[in-house]
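Each chain, written out:
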Amino acid sequence: MIVKEERLSFVVGEFYSRKDVYQIMSVPEGKRGGNWDTGYSRFNNDCYVFANIGASGRTGHDYPNRFDGNDLVWYAKNGSKLSHNSIQSLLNPTGKVYIFVRESNDNPNFLYLGNGKVKSFRDTSPVNIVWQFTDPRESHPEILTEEVSESEKLVEGAIKQVFVNIYERNPLARKRCIEHYGVVCSVCEFNFADHYGEIGEGFIHVHHLKSLREIGKEYEINPIKDLKPVCPNCHAMLHKRKPEPYSIEELRGILWSQKKVTRKVSVKSNPPSIAAKPMRE
Ligand SMILES: [Zn+2]
Ligand SMILES: [Zn+2]
């Protein structure tokens, strides 16, 4: 048996229509449509999940899919049961489980979330699965550093939890925000790719601007009005004030006034030199 080097066919954070998926995976005409259009499908060894997020009511789905931290809480079709073959192949996949999400039925393009791994499931109807994305072959720029997420979790309990989870980690909202603003920190203007090159490409945190008081039950996020890209340093500093974080403008003010002070007192520093000391092997 020949073991082919496994390569993932989709890029996390990119958009794909079903047609794109058919083409990339060479799905023959006769095997398209059907289950592909209604939620999840199998092709060769792999499974494909297409989910709507935060569009309940509009889609008529009683069990809204949502993000919980970096995980996706997902419901299978109405009437689905644990014993169904289609569910079993998701729970015990022989290949990969490619998971795609979108905000509304009107949008033909889905954001590829990653190769999902079952974190937990519930024997309900519909079946409920929590997917996590831990495939080391994929990179997930939306995952916050633990320091930030832990400090945010400590504040305001449940409300804060929802705040961080749903708004700052929702990959779809992130994507829209970054498409609009780019990946430059709104506070200090740091750009990871400028400083770190290729490995910094596309890296940024996303900060949610609305105060907790403004977030009601029916609150729907506007990724451009309500989110701003920030670097992890500035993100941590924004959340230094609790429970209401500093505004972007306030922190900019603090940062720039501080820069003026340090510029006056500090001696011009040299970049670290690699030739400062003779090297020993
Ligand atoms: Zn910054
Ligand atoms: Zn934040």
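Residues numbered from 1 in each chain as written. Chains lettered and ligands numbered in written order. Predicted model: local features only at pLDDT ≥ 70, side-chain atom pairs only at ≥ 80, totals over all residues.

A.B. asks: Any chance you could break down the overall build of the chain for me, citing the residues and the numbers?
C.D. replies: Helix and strand counts for the chain stand at nine helices and 11 strands. In the chain, buried positions account for 27% of the 281 residues. Within the chain, residue pairs in contact and separated by at least 24 positions form 63% of the contacts whose partners lie at least 6 positions apart. (Helix = DSSP H or I, 4+ residues; strand = E, 2+ residues; numbered from the N terminus. Buried ≥ 20, exposed ≤ 12 C-beta atoms within 10 Å, placed from the backbone. Contact = placed C-beta atoms within 7 Å.)

A.B. asks: How would you summarise the sheet that holds strand S4 (residues 66-68) if you had to cite specific residues and measurements?
C.D. replies: The four strands lie next to each other as S4-S5-S9-S8, forming an open sheet whose pairing is antiparallel. Edge positions in the sheet fall to S4 and strand S8 (117-122), since each has one partner strand and no second. Between one strand axis and the next, the sheet turns through 30° on average, direction left out of account. Examined bridge by bridge, S4 and strand S5 (residues 71-75) share three bridges and lie antiparallel to one another. Looking at S5, one finds that Phe 67 is bridged to Leu 72. (Pairing = 2+ DSSP bridges. Axes fitted to C-alpha atoms, helices over the stretch in contact; angles between N-to-C directions.)

A.B. asks: Account for the nonpolar core, naming residues and giving values.
C.D. replies: Among the nonpolar cores identified, the biggest contains 46 residues, and Val 49, Ile 99, Phe 100, Val 101, Tyr 112 and Leu 113 are the most heavily contacted of them. Shared between two domains, this core takes at least three residues from each, and those domains are domain 1 (15-132) and domain 2 (146-265). Sequence-distant contacts of Val 101, defined by excluding residues within four places in its chain, comprise Ala 51, Ile 53, Phe 110, Leu 111, Leu 113 and Leu 172. (Core = buried A, V, L, I, M, F, W, Y, C linked by C-beta atoms within 7 Å. Domains from an automatic or database assignment.)

A.B. asks: How would you explain the sheet that holds strand S6 (residues 97-102) if you had to name every residue and give the values?
C.D. replies: One open sheet accounts for five strands, arranged S1-S7-S6-S3-S2; its pairing is mixed. Whereas interior strands pair on both sides, the edge strands pair on one side only; in this sheet they are strand S1 (15-17) and strand S2 (40-43). Between one strand and the next, the sheet's axes are offset by a mean angle of 35°, whatever the strand orientation.

A.B. asks: Requested: an account of the pairing of strand S10 (residues 205-208), with residues and values cited.
C.D. replies: Alternating positions in S10 separate into two faces, His 205 and His 207 on one and Val 206 and His 208 on the other, with burial throughout. Note: S10 against strand S11 (residues 227-230), four bridges, orientation antiparallel. Residue pairing across strands places His 208 opposite Leu 227, the latter belonging to S11.

A.B. asks: Provide a residue-level description of the environment of Lys 31, including the pertinent values.
C.D. replies: Within the secondary structure layout, Lys 31 lies in the loop between helix H1 (18-24) and helix H2 (35-38). Residues Lys 31 and Arg 42 lie 11 residues apart in sequence; the distance between their C-alpha atoms is 9.8 Å.

A.B. asks: Residues and numbers for helix H6 (residues 171-181), please.
C.D. replies: Along H6, the positions that sit buried rather than exposed are Pro 171, Leu 172, Ala 173, Arg 174, Cys 177 and Ile 178. Within two residues after H6, Gly 182 carries a phi angle of roughly 85°, on the positive side.

A.B. asks: Can you tell me about the environment of Met 25, naming the residues and giving the values?
C.D. replies: Checked against the element boundaries, Met 25 lands in the loop between H1 and H2. When the C-alpha positions of Met 25 and Phe 43 are compared, they lie 8.8 Å apart, and in sequence the two are 18 residues distant. Every residue in contact with Met 25, bar those within four places of it in the chain, is listed here: Ser 9 and Phe 43.

A.B. asks: An account of the confidence of the model for the chain is needed here, citing residue identities and associated values.
C.D. replies: For the chain, per-residue confidence averages 80 on the pLDDT scale, and 74% of positions sit at 70 or higher. When mean pLDDT is taken per element in the chain, helix H7 (residues 192-196) scores highest with 96 and helix H4 (residues 146-154) scores lowest with 41. Here residues 143-163 scores under 50 on pLDDT; set against residues more than four positions off or in separate chains, the count is 26 contacts. This stretch, residues 275-279, has a pLDDT under 50; its non-local contacts, to residues over four places away or in other chains, come to zero contacts. (pLDDT = per-residue confidence, 0-100.)

A.B. asks: I'd love a proper account of the pairing of S5, names of residues and values included.
C.D. replies: Within S5, four of the five residues are buried, which leaves the element mostly enclosed by the surrounding structure. Following S4, the chain reverses through two residues before pairing antiparallel with S5; Gly 69 in that reversal takes a positive phi of roughly 60°. Note that S5 and strand S9 (residues 128-132) share four bridges and pair antiparallel. Paired with Tyr 75 across the strands is Asn 128, a residue of S9.

A.B. asks: I'd like a rundown of unusual backbone geometry, residues and numbers included.
C.D. replies: The omega angle of the peptide bond from Ser 125 to Pro 126 is 0°, so this bond is cis rather than trans. Within the secondary structure, Pro 126 sits in the loop between S8 and S9. Of note in this structure, Ser 26 is not a glycine but carries a positive phi near 50°. Tracing the backbone shows Ser 26 in the loop between H1 and H2. Its identity is not glycine, yet Asn 44 carries a phi of approximately 50°, on the positive side. Examined against the element boundaries, Asn 44 turns out to sit in the loop between S2 and strand S3 (46-52). Residue class for Asn 44 comes out exposed when judged on the 11 C-beta atoms lying within 10 Å of it.

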